[in-house]
Each structure stands twice: as structure tokens, then as C-alpha cells.
Amino acid sequence: MPAATSLKKIRPIQLVAVIFFTVSGGPYGLEPLLSYAGDHGALIILLITPLMWDVPAIFTVLELNSMMPVTGGYYKWVKYALGTHWGFIEGWWTWLYTFVDLAIYPVLFVQYAGFFFPELLNFQIPVCLVIIWASAGLNILGIMPVGRVSLFLSAAVLAPIILMIALGIYHHSGSMHIPATSLKGLSFPSFGMALYTVMWNCLGWDNVTTYAEEVEKPVRSYLISIFAAFALVMVVYFFAIWVAQQSGIKHDTLTENGFPALGVLIGGHWLGIVVAAGGMASTLGIYTAVLLSVSRVPQVMSEDNLLPKGVNKLHSRFKTPFVSIIICSIVVSFMVLWTFADLLIIDVTVYGAGLSLEYIALVKLRVKEPMKERPFRIPLGVTGLCLVLLLPFIVYSVALGGALSSTPKALSAAIFALVALSSAEVAWQIIRLSRPELKQ
């Protein structure tokens, strides 16, 4: 990795945009929530789940990143705290999850673009490949172009959603109200899938730290940017779902046709077009931002001799890990045939496993190195940390249990995710055979 001083670095305003796209990208993808949870369960699940699932992750990321603001982020933290073996497992799991995650967005782009040009649905694969490789080219140019594009796309995503929300409130006849919150009558499989939907729309806070050395004043910048992005995400999500409820749109219609259908209902075809354009911008922004984060992980794993040496090769001009970016793009190119529902289950299941290692690393470092400098420190002792970190584990377990008891297709996806997780140990043993000096 080149010296930190030779890198062009992004500032908090750009970092907020990159984080927004890494974690969210707007409410696009949240549409099935009302079908799963109903009017009475949707908002309470939407508000409570991030408190239990995201907030512990955010504070964990902020503390560990303040200790080690380095390229590779979570991989480096786990490796330092738990050893090379678990560092490799963390990197492998995150690589797998991100391949699945990235495969979702080109497919969603085609679906939203189909609102304008329905014939594009017949050319899904070619369009997906164009998106994948155009994003690869942008990432090879470096973090500064990604930051600028993310800022532009943030406006392109938020403007249509804000307009739709404002018109939904303005045109609503009668009193605005929040439906009584209740989970009564909600089946366990539906509850699990509702959790998966919200969890998927709120994951990735650790991903934004893999390029910490490319951020200006990383400790302060991440503290400001992550909290700003979280507030923005939750406000946008709440009002998007609330306005959908007030509009009276059928839940199945929202699930099948997305927020453009809500735009048509609220403001007519022109608003549907604008919202669909926002959905296209959202998928492009998310894909580009997530590729930025994941491409740094195999780079540093290669530098640690856990992947082939060529993976960490940097572009001679832009100083970006172009080989890693190309490898990621090749793998994603083969994964765009999977369905959204299956990818969502696999994505969250694998991600949650990797996140658990970061929680263990946090606790281990509190015990092992209590006096190590932490510019940001969670104001809890070890016992308090352990109790709080039970919250995301509970959410994760309930969501997985709901998926396992759901449809046979969802069960297959969950089982595939568990098999994918086990592949990390197989890969580790293969590496150990070629490198006997590695210790557990």
C-alpha cells in the first residue's frame, strides 16, 4: 500500500455519501416490508430492528476503527485480536457476502429501468454486465471519483424520494396517522423475512472502514459521517414506508412494482418516472460504493500472504488495487442470475457471521489491551458490552429461524448460506497445506 500521505483523501461530506450508499442507497429494496409485516407491524420492526442490529455494530466499528484506522478495516481488527486463522475467516466470509450483495444491484437496476423501457427486461444479463464493468472502471480511477459520483447520485436518489414523500403528504385527504403498532397475528416465517428485509437495508457499517487510510482525519471523519448517515437512513426509511401506508397502495403491488408504483399512485406517471430514475441511481451508487470497500480486503489479505501475491498489485497511475477489483467483478458477473429473495437471505446470513467475529474482537481487545489508546470508546465495561452485543445475536437468530421455517426455497437459500460459511475453514486448511508455518 502506498504511503498514506501520497493518497488523495476524501472529506466527511463525501464520506457521508459513500457510507449512505454502502449501507442504504435510499429505501429501494424496502418495498416487501409491508407484505411481510403488514401495516401494524412494519413501522415497529423498521424502528426497533436498527436499534438492536445496527447501533451495536456502529459503536463497535467506531471504537475498533479509532484504534486501528487502517486499510482492510475489520479484517485487520479480527486478525490482530483473534489471530491469523480467524482473520482469514473474517476476510473470506466478507468476500463471499459482498459477492452476493453486489449481485443484487445490477438486477434491481434493470427492474427500475424497465419502468422506462420494458424491453430491457429481455436483456438483463448484458445490461448487468455493463453496470458491473463500468463500476469497475470507476473504482480503478480511485476513491476521489467514487466520492464525487456518490455525492451526485445521493442527490439523484434523495430528491425523488423527498418529492414523493412531500406530495404524498400534500395530496393525502383526511388526517395523517400512524397505524397502531402490533405484531399480533404475524406468523413467525413472515416476521423472520420482515427482519431480513430491514437488516439487509441497514447492513454494511463495517465495510466503510476498509479504506480508512484514504479518509482525511479518519477517526473524527468516521464519527461525524457514520452518525449523520444513520440519521439520514432512518428518516428516509420511516417516511417512505409511512407515506406508502397513508397512500393505501396494495402491499403486493408495492412489492412487485416497487416505489415507482407508489409514485404513480401519488403524483401520476411523471412522478413514477422520477422515482424509477432515483432507483436506478441508487443501485449504481450502492454497487460502486460496496465495490470500493470489498476490493481493499483481498488486497491486504494478499499482502499478508493469505491470497496469491498478484491480488495486491496496485495500478501504476491511480494506486488502486485494480487486480482485486477485476477479480471481484468477474465473480459478480456470474452471480446475477440469482433471485432477489434468495440473495437477500444468503447475504444477511453470511454477513451476520462475519459481524459476530468483530464483536468478539471488540471484547477480546477490551480484556487483552484495556489501556490501548481508543479515541472513541463505548462507555461500557466488558460485562455491559457482552450484554449489549446479545441484541444483534438475538435479531440474527430470530431472522434465520424464520427463514428456515419459511418456504422450501427460502430454506434452500439459508442452507446454502451455512454451507458457504463452512467453505472458509476448507479454504484455510488448503492454504495451511501450502504454508505449514501458519499457526492456528
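None of the values given here were measured: they were computed from a predicted structure.

A. How the structure looks around the nonpolar core. Core analysis: the largest hydrophobic core is formed by 148 residues, its most contacted members being Leu 33, Tyr 196, Tyr 222 and Ile 226. Ignoring any residue separated from it by four or fewer positions in sequence, one finds Ile 226 in contact with Ile 19, Ile 58, Val 61, Leu 62, Trp 205 and Val 208.

B. Quick look at the environment of Leu 355. The topology assignment puts Leu 355 in helix H15 (residues 340-368). Along the backbone, Leu 355 and Val 61 are 294 residues apart, and their C-alpha atoms lie at a distance of 10.0 Å. Ignoring anything within four residues of it in the chain, the contact list for Leu 355 reads Trp 53, Ala 57 and Asp 206.

C. The arrangement of empty space enclosed by the protein in detail. Inspection of the entire model under this criterion finds three cavities of 30 Å³ or more. Put simply, the largest cavity is a space of about 50 Å³. Lining the largest cavity are Thr 22, Val 23, Ser 24, Tyr 28, Asp 101, Tyr 105, Trp 200, Asn 201, Leu 203 and Ile 286. Listing elements by their share of the lining of the largest cavity, those giving two or more residues are helix H1 (12-23) and helix H5 (84-113). Looking at the lining of the largest cavity, its residues break down into six nonpolar, three polar and one charged.

D. The arrangement of the side chain of Glu 369 in detail. Position of Glu 369 relative to the elements: it lies in the loop between H15 and helix H16 (382-388). Despite its burial, Glu 369 pairs with no opposite charge; the closest candidate is Lys 372, at 4.2 Å N-O. For Glu 369, the residues in contact, after removing those within four places along its chain, are Tyr 80 and Arg 374.

The rules behind the values
- Residues numbered from 1 in each chain as written.
- Predicted model: local features only at pLDDT ≥ 70, side-chain atom pairs only at ≥ 80, totals over all residues.
- Heavy atoms only, no water.
- Core = buried A, V, L, I, M, F, W, Y, C linked by side-chain atoms within 4.5 Å.
- Buried < 20%, exposed > 50% of the residue type's maximum accessible area, 1.4 Å probe, protein only.
- Contact = heavy atoms within 4.5 Å.
- Helix = DSSP H or I, 4+ residues; strand = E, 2+ residues; numbered from the N terminus.
- 1 Å grid on protein atoms, 1.4 Å probe; cavity = no way out; pocket = protein on both sides within 12 Å on 5 of 7 lines; lining within 4 Å.
- Points joined across faces, edges and corners; volume = space filled by probe spheres on them.
- Nonpolar A, V, L, I, M, F, W, Y, C, P; charged D, E, K, R; others polar.
- Lys, Arg positive; Asp, Glu negative; His and termini not counted.
- Salt bridge = Lys/Arg side-chain N within 4 Å of Asp/Glu carboxyl O.

What is shown is where atoms sit, not what they do.
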